[in-house]
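This is what each chain is made of:
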Amino acid sequence: MVELADGRPAFRSLPDGGAAGSEHALVQLSSGSTGPSKVIARTAADLLRELDCYARLPEFPTRGERTVLLSSTVHVLGLVGGLLHALHAGVELVVPQRMTPAGILAAVAEGSAPTTVIGVPFHAELLAAAAAPPGLPQLRRMVVAGELVRPELPAAFRERFGVPLGTMYGMTETGVIATDLTGRNHPAVEPVHGMELSVAGGELHIAREQSPYLGPTDPTRWSDGLLHTRDAALIEVGTGLVTVLGRRDSQISIGGLKVDLNEVEQALTGLPGVVEAVVLFADGAIEAYAATADGVTSSPSERSGPAEQLRELLGTELAGYKLPRRLHLMPRLPRTATGKLLRDAAALRRQADAAR
């Protein structure tokens, strides 16, 4: 790339360069957080389609407004919903100098235009826990995506800031799929323009003419014009609203009895004092990791400590066979580079041992 006299970029082919073998304009690697990493390719036309979806959302930032972006631009929400949408729609884009509650709130406060904060649920948890935040009349809403939102978080965020916590559901393969930017439908989301969704065998499918993957395509991920999300979901008859229940691989069997680990995780995060949790099936047993508001740690071997007390309280919500055999308390749960909760059993055990 070279720069013209008027500052515009110009592109020239390298002497040893070769012509592109396809129309793809963007190649991304998935995080592999719920399976093997995938090489995903998207065309310029598909990116423009997604930008049109954002432009049609009346609550999404538009010209004259600001976006405070907390999501990484390496990944699809930060790249398309943040950076590319800002360039396309004429939105001022702000990245905080520090990803702390004080740093994020300072970024919101430094401009007077209507401001939307975009991040992952972890960022919303940080802000909802902020002590005595300043008045922010320019804050319009926060929007999060990437994983399920703790049931109590939207109300806690609204109580703290007086604005809604909106949610989006999407994938690297397609970008944004469905949204609830007002918070009125939570936990359901509404499909964006042109998105055709269906459920088969409890799994959410998305109509897509071509495979989004480079190289050989796993037919369990895309086949017959359908992208298999591997997420469990329900679609409401009449409204078309979609409720994403979590990963399909979270459904396991204990002694012939079905257990949905998402259900256990949601029940655990709903207990008093629990901020976030990860529930896994490892070595033939359900294992849970949780972070509490007071940052306590404990060993699952303690018979009367806080972990056992939480486990007993969880027993009032769930059947006995759904209870974790081991419950580890940690000051905070480890996360991936994208801000998602780490779900590797061996790594979580090491972190729990180090915390104690």
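Since the structure is predicted, the reported quantities are computational estimates derived from the model, not experimental observations.

Asker: Is there a simple way to explain the overall build of the protein chain in this structure?
Answerer: Counting secondary structure elements, the protein chain contains 8 helices and 21 strands. When its C-alpha atoms are laid out on the principal axes, the protein chain stretches across 75 × 50 × 50 Å. Burial analysis of the protein chain (356 residues in total) assigns 46% to the buried set. The long-range share in the protein chain, meaning contacts at least 24 apart out of those at least 6 apart in sequence, stands at 58%.

Asker: Looking at this structure, I do not really get the pairing of strand S16 (residues 242-247). What am I missing?
Answerer: Taken residue by residue, a regular strand's side chains alternate between the two faces of the sheet. Sheet topology places strand S11 (residues 188-191) next to S16; 2 bridges connect them, and they run antiparallel. The residue of S16 that forms the bridge with Val 189 is Val 242. Here 5 bridges tie strand S15 (residues 226-235) to S16, and the two strands are oriented antiparallel to one another. Across the sheet, the residue bridging to Ala 232 is Gly 246, located in S16. The antiparallel hairpin formed by S15 and S16 contains 6 residues in its connecting segment, where Gly 238 sits at a positive phi of about 100 degrees.

Asker: Got a minute to help me understand empty space enclosed by the protein in this structure?
Answerer: Vacant regions in the atomic arrangement are exposed by a probe of water-molecule size rolled over the atoms. In total, this model carries 1 cavity of 30 Å³ or more according to the counting rule given. Roughly 40 Å³ of volume is contained in the largest cavity. As for the largest cavity, its lining consists of Ile 104, Leu 105, Val 108, Val 117, Leu 127, Leu 136, Leu 139, Met 142, Phe 157 and Phe 161. Within the residue set of the lining of the largest cavity, elements represented by two or more residues are helix H3 (101-109), strand S8 (139-144) and helix H5 (153-161). With 3 residues, the top contributor of residues to the lining of the largest cavity is H3.

Parameters and conventions
- Residues numbered from 1 in each chain as written.
- Predicted model: local features only at pLDDT ≥ 70, side-chain atom pairs only at ≥ 80, totals over all residues.
- Heavy atoms only, no water.
- Helix = DSSP H or I, 4+ residues; strand = E, 2+ residues; numbered from the N terminus.
- Buried < 20%, exposed > 50% of the residue type's maximum accessible area, 1.4 Å probe, protein only.
- Contact = heavy atoms within 4.5 Å.
- Pairing = 2+ DSSP bridges.
- 1 Å grid on protein atoms, 1.4 Å probe; cavity = no way out; pocket = protein on both sides within 12 Å on 5 of 7 lines; lining within 4 Å.
- Points joined across faces, edges and corners; volume = space filled by probe spheres on them.

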